[in-house]
Amino acid sequence: MAGTGKFFVGGNWKCNGTKDSISKLVTELNSAKLEDDVDIVVAPPFVYIDQVKSSLTDRIEISAQNAWVGKGGAFTGEISVEQLKDIGCKWVIHGHSERRHVIGEDSQFIGKKSAYALTQGLKVIACIGEKLEEREAGKTFDVCYEQLKAFADNMPSWDDVVIAYEPVWAIGTGKVASPQQAQEVHVAVREWLSKNVSAEVASQTRIIYGGSVNGGNSAELAKQEDIDGFLVGGASLKGPEFASICNSVT
Ligand SMILES: O=C(COP(=O)(O)O)NO
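The rules we used
- Within each chain, residues carry numbers counting from 1 in the order of the written sequence.
- Reporting in this predicted model follows two pLDDT cut-offs: at least 70 for local features of residues, and 80 or more for side-chain atom pairs to be given and counted; totals over whole chains, interfaces and linings ignore these cut-offs and use all residues.
- Each side-chain value is worked out from all heavy atoms of the structure, with water and hydrogens disregarded.
- Helix numbering and strand numbering both begin at the N terminus, where a helix is a DSSP run of H or I of at least 4 residues and a strand a DSSP run of E of at least 2.
- For the exposure calls, accessible area comes from a 1.4 Å probe over protein chains only, and a residue counts as buried if that area is under 20% of its type's maximum, exposed if over 50%, partly exposed in between.
- Counted as a polar contact is a pair of N or O atoms within 3.5 Å, where, for protein atoms, one must be capable of donating a hydrogen and the other of accepting one, and residues adjacent in sequence contribute only when both atoms are in side chains.
- Any residue with a heavy atom lying within 4 Å of a molecule or strand is counted as near it.
- Computed with the Shrake-Rupley method and a 1.4 Å probe, the accessible areas treat only the protein chains shown as cover for residues.
- Under the convention adopted here, Pro, Cys and the residues Ala, Val, Leu, Ile, Met, Phe, Trp and Tyr are nonpolar, Asp, Glu, Lys and Arg are charged, and Gly plus all remaining residues are polar.
- Whether two residues touch is decided by their heavy atoms; if any such pair falls within 4.5 Å, the residues are in contact.
- For helices, the fitted line uses only the C-alpha atoms of the stretch in contact; every axis is such a line through C-alpha atoms, and the angle between N-to-C directions lies from 0 to 180 degrees.
- An angle below 35 degrees is treated as roughly parallel, one above 145 as roughly antiparallel, one from 65 to 115 as roughly perpendicular, and anything else as oblique.
- If you view the pair so one helix is near and one far, a crossing is left-handed when the near helix is turned anticlockwise from the far one by less than a right angle, and right-handed when it is turned clockwise.
- Two rings from Phe, Tyr or Trp (for Trp, the six-membered ring) form a pair when their centres sit within 6.5 Å of each other. Planes less than 30 degrees apart are called stacked, planes more than 60 degrees apart edge-to-face, and all others tilted.

Summarise the side chain of serine 212; cite the residues concerned and give the values.
Mapping serine 212 onto the fold places it in the loop between strand 7 (207-209) and helix 10 (218-222). Given the relative accessible area of 18%, serine 212 is considered buried. Side-chain polar atoms of serine 212 contact the backbone oxygen of alanine 170, separated by 2.6 Å.

So this is what it looks like as structure tokens:
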């Protein structure tokens, strides 16, 4: 069961999978040998959460990839936090760049959704990250700080929050950030937390990296002092590779 391990690895399955492919992936995860000190979470598409929850080892917790900003009701197409808890979800991903830049969610809405999830007892993977043109314009830190501030302005606490730094230019591109690039932003995020929230939150909050992480690059990234784990997309759909990434952080 995922707890308060020093490290954290999430598998974001995005809009991928079928009942059969997910059954195979769950079998691979159930047979994997996993190190103790890493909390592991997988985020299936909504429609497969029940299937995964009922068949996956409880060593791995379940996350949703999104949740509505408030109590359920007349919100066609939305899924509520209450419904996600009802089927055994413990986490939810908010602020993913695909929801910011494809769906069009803004930072304040993301902050409000995160706040509601936390007040109702879900834990939050809070995603931040800059686009290539923002990095090339020297705005990486400004963008990440604005996104962090919107979480901080709305959330009641950081106790059940993991921050995922996912540079948009590295997501799904094969162009993974270098260990130095990732570490530089992780340090800046931790310093922002220390200055704007508290030294305790800064030291206790796990800051994980996402963006083209795979079995070949995770160990090198994990050597960085302020990289506490990963949020993995494509490679999380391959059980053995995802397991090796999980074990590479400890
Ligand atoms: O979006 C990602 C990363 O995706 P990839 O590993 O496929 O770059 N994590 O949430």
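So, the site of the ligand: which residues are in play, and what are the values?
Contacts to the ligand come from 13 residues, most closely from Lys14, His96, Glu166, Gly172 and Ser212. Contacts to the ligand include serine 212, whose backbone N or O atom sits 2.7 Å from an oxygen atom. Contact between the ligand and glycine 233: an oxygen atom at 2.9 Å from a main-chain N or O atom of the residue. Burial of the ligand by the protein amounts to 94% of the accessible area it has alone, namely 300 Å². The residue inventory of the shell around the ligand, partitioned by class, reads 4 nonpolar, 7 polar and 2 charged.

How would you sum up the environment of lysine 71? Please name residues and give values.
If you trace the backbone, lysine 71 turns up in the loop between strand 3 (60-64) and helix 3 (81-86). A relative accessible area of 62% places lysine 71 in the exposed class. Each C-alpha atom of the pair lysine 71 and leucine 132 lies 36 Å from the other, and the pair is 61 residues apart in sequence. Not counting residues within four places of it along the chain, the set of residues in contact with lysine 71 comprises Glu82 and Tyr116.

A description of the packing of helix 7 (residues 140-154) against helix 8 (residues 179-196) should follow, citing residues and the corresponding values.
Across the interface, helix 7 lies against helix 8 with an axial gap of 11 Å and an inter-helix angle of 40°. Taken together, the axes of helix 7 and helix 8 lie oblique to each other. Judged by the sense of rotation from one axis to the other, the crossing of helix 7 with helix 8 is right-handed. Facing Thr140, Phe141, Cys144, Tyr145, Leu148, Lys149 and Ala152 of helix 7, the residues of helix 8 in contact are Glu184, Val185, Ala188, Val189 and Trp192. A class-by-class count of the residues in the contact of helix 7 with helix 8 yields 9 nonpolar, 1 polar and 2 charged.

Would you mind going over the packing of aromatic side chains in detail, with residue names and values included?
Aromatic ring pairs are reported here in terms of the distance separating the ring centres and the angle at which the planes meet. Going through the model one piece at a time under the given rule, you end up with 5 aromatic pairs. Relative to tyrosine 145, the ring of phenylalanine 141 has its centre 6.1 Å away and its plane inclined at 20°; by these criteria the two rings are stacked. Of this pair, phenylalanine 141 and tyrosine 145 both sit in helix 7, 4 residues apart, roughly one helical turn. With a relative accessible area of 28%, tyrosine 145 lands in the partly exposed category. Relative to tyrosine 209, the ring of tyrosine 165 has its centre 6.3 Å away and its plane inclined at 55°; by these criteria the two rings are tilted.

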